[in-house]
Amino acid sequence: QIQEREARLQELNHLKSLFLASVSHELRTPLTAILGQTQMLLDDLKGPLAPEQRDTVQKTQRNAAALLGLINDLLDLGKIEAGRMDVQKEEFQLADCVSDALESTEPQLRQKGLELEVIVPEEAWALGDYGRTRQILINLLSNATKFTEQGRIRLRAQKQDQIWCLEVQDNGLGIPADLHERIFEEFRQADSRFGGTGLGLS
């Protein structure tokens, strides 16, 4: 009975992973189209917008981008659990990856008036997955921005032996010591008042 129950649980977990991957993919397609269309409006490709119209379109785009981020988290979780997460190995410049990640998070930083300090040597080259490194940085920077009401966020790269270590530091409210181990679990948040899926760190 225990073996049968375990086999059933494994099957259900597999089906959940397939469901997450399928639904996430289907939702991402129309959202990408919404982001593209709203950007066309903001670029005045369909004619100039009145200030109130521009404000509405910008809000629509921000919310669509936030929703796309949540869906990407679910899609990644589905891929990981299904054993289909491909990790690339390529040489890339850390400064380029950091700059790419900041493009996604700078609007939030500006909106909250937070100071940003970036310390990444131009000569810093790494061997790894550019896309995954960028996503990790976006998750960490987004969390730092979300939980910091005023002050600054610092992103620093330091070399230890032959490994580049990236550190994101903020002076936000922090995480209680008794929750440090739990924040890496799926759908787990130290404080649910700030929204999100609780998948970024996991």
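Up top is the structure these notes are about.
Notes on the structure in this doc start here. (Residues numbered from 1 in each chain as written. Predicted model: local features only at pLDDT ≥ 70, side-chain atom pairs only at ≥ 80, totals over all residues. Heavy atoms only, no water.)

### A look at helix α4 (residues 130-146)
An ideal rise of 1.5 Å per residue puts 24 Å on 17 residues; α4 measures up with 24 Å between its terminal C-alpha atoms. Listed in full, the buried residues belonging to α4 are T133, L137, I138, N139, L141, S142, A144 and T145. Capping of α4 at its N-terminal end is provided by D129; its side-chain oxygen lies 3.1 Å from the backbone amide nitrogen of G131. (Helix = DSSP H or I, 4+ residues; strand = E, 2+ residues; numbered from the N terminus. Expected span 1.5 Å × (residues − 1). Buried < 20%, exposed > 50% of the residue type's maximum accessible area, 1.4 Å probe, protein only. Polar contact = N/O pair within 3.5 Å; in protein donor to acceptor, adjacent residues only side chain to side chain.)

### Overview of the nonpolar core
Membership of the largest hydrophobic core comes to 19 residues, with the highest contact counts inside it found for L94, V98, V120, L137, L141, I153 and L155. Among the elements that take part in this core, helix α3 (residues 94-112) stands out by supplying 7 residues, more than any other. Non-local contacts of L94, meaning those with residues more than four positions away in its chain, are made with V120, A124, A126, A157, W164 and L166. Judged by nonpolar contacts, the second largest core, of 5 residues, contains L31, L35, L68 and I71. (Core = buried A, V, L, I, M, F, W, Y, C linked by side-chain atoms within 4.5 Å. Contact = heavy atoms within 4.5 Å.)

### A short note on the environment of Q162
When you line up the elements, Q162 lands in the loop between β4 (152-160) and β5 (163-170). For the pair Q162 and A126, spaced 36 residues apart in sequence, the C-alpha separation works out to 9.6 Å.

### Examining the side chain of T148
Residue position: T148 is located in the loop between α4 and β4. On the basis of relative accessible area, T148 is assigned to the buried category, the value being 0%. Among the polar contacts listed, one links the side chain of T148 to the side chain of D170, at a separation of 3.4 Å. If sequence neighbours within four positions are ignored, T148 has contacts with K112, L114, D170, N171 and G172.

### Digging into the sheet that holds β5
If you walk across this open sheet you meet the 3 strands as β2-β4-β5, and the pairing is mixed. Both outer strands of the open sheet, β2 (115-119) and β5, are each paired with one neighbouring strand and no more. Ignoring strand direction, the axes of neighbouring strands in this sheet form an average angle of 15 degrees. With 5 bridges connecting them, β2 and β4 associate as parallel partners. Directly across from I119, in β4, lies its bridge partner R156. (Pairing = 2+ DSSP bridges. Axes fitted to C-alpha atoms, helices over the stretch in contact; angles between N-to-C directions.)

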